[in-house]
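The residues making up each chain are set out below.
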Amino acid sequence: MNVASYVRVSTEAQAGPERYGLSAQRADIAAYALSHDMQIIQTFEDAGVSGATLDRPGLSALLTAAAAHQFQAVIVAKLDRVARDLMYQLWIEKELLKVGVEIVSVAEPSNSDDPTSHLFRQIIGAFAEFEKARITSRMSGGRKQKAKEGGYAGGRAAFGYGSHRGSHVLTVEPEQAMVVQQVFTLRSSGLSLRSVASELNARGLRTAENKNWHAVQVKRVLDRRPLYCGQYEYGGITTTEGKQERILNA
């Protein structure tokens, strides 16, 4: 039987205690295929992509290839590699079955026609979804505690600041901080958001992505005035005094 394999690791899997990496998944899949007289002709991969979304390049390529009838089954190391969300997992399995392709899990029963196996798959998927929710809850709780203490709780740093792995405090990026100050100065002179953006571009100043300024990016900077003035906000929690250095005095 010609089959494909699908492997995935999420951001949490790479950074957290779960260490079932791509190479380990490939090894388990290869051993399973060999023992069941299956020939792996294609491998699809999503590295660092959450299983809680369907927006995955590897998954999209897999579904396209399956629709073209290039293989008869897809081998995965564990069902939670297909999706963390039970609804997504069942949807993907249904889409593959529509074109005659079965998901074969190394770690779980793979007879999709057996009601007991189907129920077991749903239970496995439900536990995977539950574990995902627990991970998210723990991470959110830790971040909110950091925010209460005025420290950096994660996420993309606002323009003007930088973040470093292991650090709980935002650090000022001098060149960007200078641009932030100019944004507020130009705006206070009465210029519109679009005019502020045009003036920044005329001065050769760039966004964090090294692109031209537009009104929406100017507004994003202006909306973060409390942060630049020393406050810190995360998940609805606002501190009166953040640990980050101020970019604006008032």
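Residues numbered from 1 in each chain as written. Predicted model: local features only at pLDDT ≥ 70, side-chain atom pairs only at ≥ 80, totals over all residues. Heavy atoms only, no water.

## Concerning the overall build of the protein
So, step 1. Counting its regular elements, the protein contains nine helices and eight strands.
So, step 2. Counting over 250 residues, the protein shows a buried share of 39%.
So, step 3. When contacts within the protein are restricted to residue pairs at least 6 apart in sequence, those whose partners lie at least 24 apart make up 61%.
So, step 4. Summed over its atoms, the accessible surface of the protein is roughly 13,500 Å², and 52% of this surface lies on carbon and sulfur atoms. (Helix = DSSP H or I, 4+ residues; strand = E, 2+ residues; numbered from the N terminus. Buried < 20%, exposed > 50% of the residue type's maximum accessible area, 1.4 Å probe, protein only. Contact = heavy atoms within 4.5 Å. Areas by Shrake-Rupley, 256 points an atom, 1.4 Å probe, with all protein chains shown as cover.)

## What to know about the packing of aromatic side chains
So, step 1. Tallying each qualifying case throughout the model produces four aromatic pairs.
So, step 2. Taking the centre distance of 6.1 Å and the plane angle of 80° together, the rings of F184 and Y228 count as edge-to-face. Separated by 44 residues along the polypeptide, F184 in helix α6 (residues 174–188) and Y228 in helix α9 (residues 225–228) bring together distant segments of the chain.
So, step 3. Classification of F184 by relative accessible area gives buried; the value is 10%.
So, step 4. Ring-pair connections join several aromatic residues into one group, and the members of that group are Y161, F184 and Y228. (Phe/Tyr/Trp six-rings, centres within 6.5 Å; stacked < 30°, edge-to-face > 60°.)

## Quick notes on unusual backbone geometry
So, step 1. For H69, which is not glycine, the phi torsion reads 60° and is therefore positive.
So, step 2. If you trace the backbone, H69 turns up in the loop between α3 (57–67) and β3 (73–76).
So, step 3. According to the relative accessible area criterion, H69 is exposed, its value standing at 55%.
So, step 4. Phi is positive for N210, which is not a glycine, with a value near 60°.
So, step 5. Inspection of the secondary structure puts N210 in the loop between α7 (193–202) and α8 (215–223).

## Topic: α6
So, step 1. Between its terminal C-alpha atoms α6 stretches 21 Å, which fits the 21 Å expected from 15 residues at 1.5 Å a residue.
So, step 2. Every buried residue of α6 is accounted for by A177, V179, V180, Q182, V183, F184 and L186.
So, step 3. Packing partners of the buried residues in α6 comprise β6 (171–172), α7, α8 and α9.
So, step 4. Phi turns positive, to about 105°, at G190, one or two residues after α6. (Expected span 1.5 Å × (residues − 1).)

## Notes on the nonpolar core
So, step 1. One finds V183, L200, W213, V218, V221 and Y228 to be the most contacted residues of the largest nonpolar core, which totals 24 residues.
So, step 2. Counting residues per element, the ones that place at least two in this core are α6, α7, α8 and α9.
So, step 3. Excluding anything up to four places from it in sequence, V221 contacts F159, V180, V183, F184, W213 and Y228.
So, step 4. Counting 17 residues, the second-largest nonpolar core is a separate cluster that includes A4, F44, V76 and A83. (Core = buried A, V, L, I, M, F, W, Y, C linked by side-chain atoms within 4.5 Å.)

## Concerning the sheet that holds β3
So, step 1. The sheet built from four strands is open, its strands ordered β2-β1-β3-β4 with parallel pairing. Two strands bound the open sheet, and with one partner strand each, they are β2 (39–47) and β4 (102–105). Strand-to-strand twist of the sheet, defined as the mean angle between neighbouring strand axes without regard to direction, takes the value 25°.
So, step 2. Here strand β1 (residues 2–9) runs beside β3; their pairing, made up of three bridges, is parallel. In the sheet register, V3 faces β3, and the bridge partner there is A73.
So, step 3. On the sheet, helix α2 (residues 22–35) packs against β1, β2, β3 and β4 and is oriented at approximately 160° with respect to β1. (Pairing = 2+ DSSP bridges. Axes fitted to C-alpha atoms, helices over the stretch in contact; angles between N-to-C directions.)

## Quick word on the side chain of Q89
So, step 1. When you line up the elements, Q89 lands in helix α4 (residues 86–98).
So, step 2. Take Q89: its relative accessible area is 2%, and that puts it in the buried class.
So, step 3. Within the local environment of Q89, its side chain forms a polar contact with the backbone oxygen of A83, the two atoms lying 3.3 Å apart. (Polar contact = N/O pair within 3.5 Å; in protein donor to acceptor, adjacent residues only side chain to side chain.)

## Digging into α7
So, step 1. Here α7 has its buried residues at V196, A197 and L200. Buried residues in α7, looked at end-on, bunch into an arc of 100°, giving them a common side. Away from its buried face by more than 90 degrees, α7 exposes R194 and A202.
So, step 2. Where α7 is buried, its residues contact α6 and α8.
So, step 3. Immediately downstream of α7, the backbone of G204 shows phi near 80°, a positive value. (Arc of directions from axis to C-beta.)

## A closer look at the environment of L86
So, step 1. One can find L86 in helix α4.
So, step 2. Judged by relative accessible area, L86 falls into the buried class, the value being 17%.
So, step 3. C-alpha of L86 to C-alpha of A52: the two residues are 34 residues apart in sequence and 9.1 Å apart in space.

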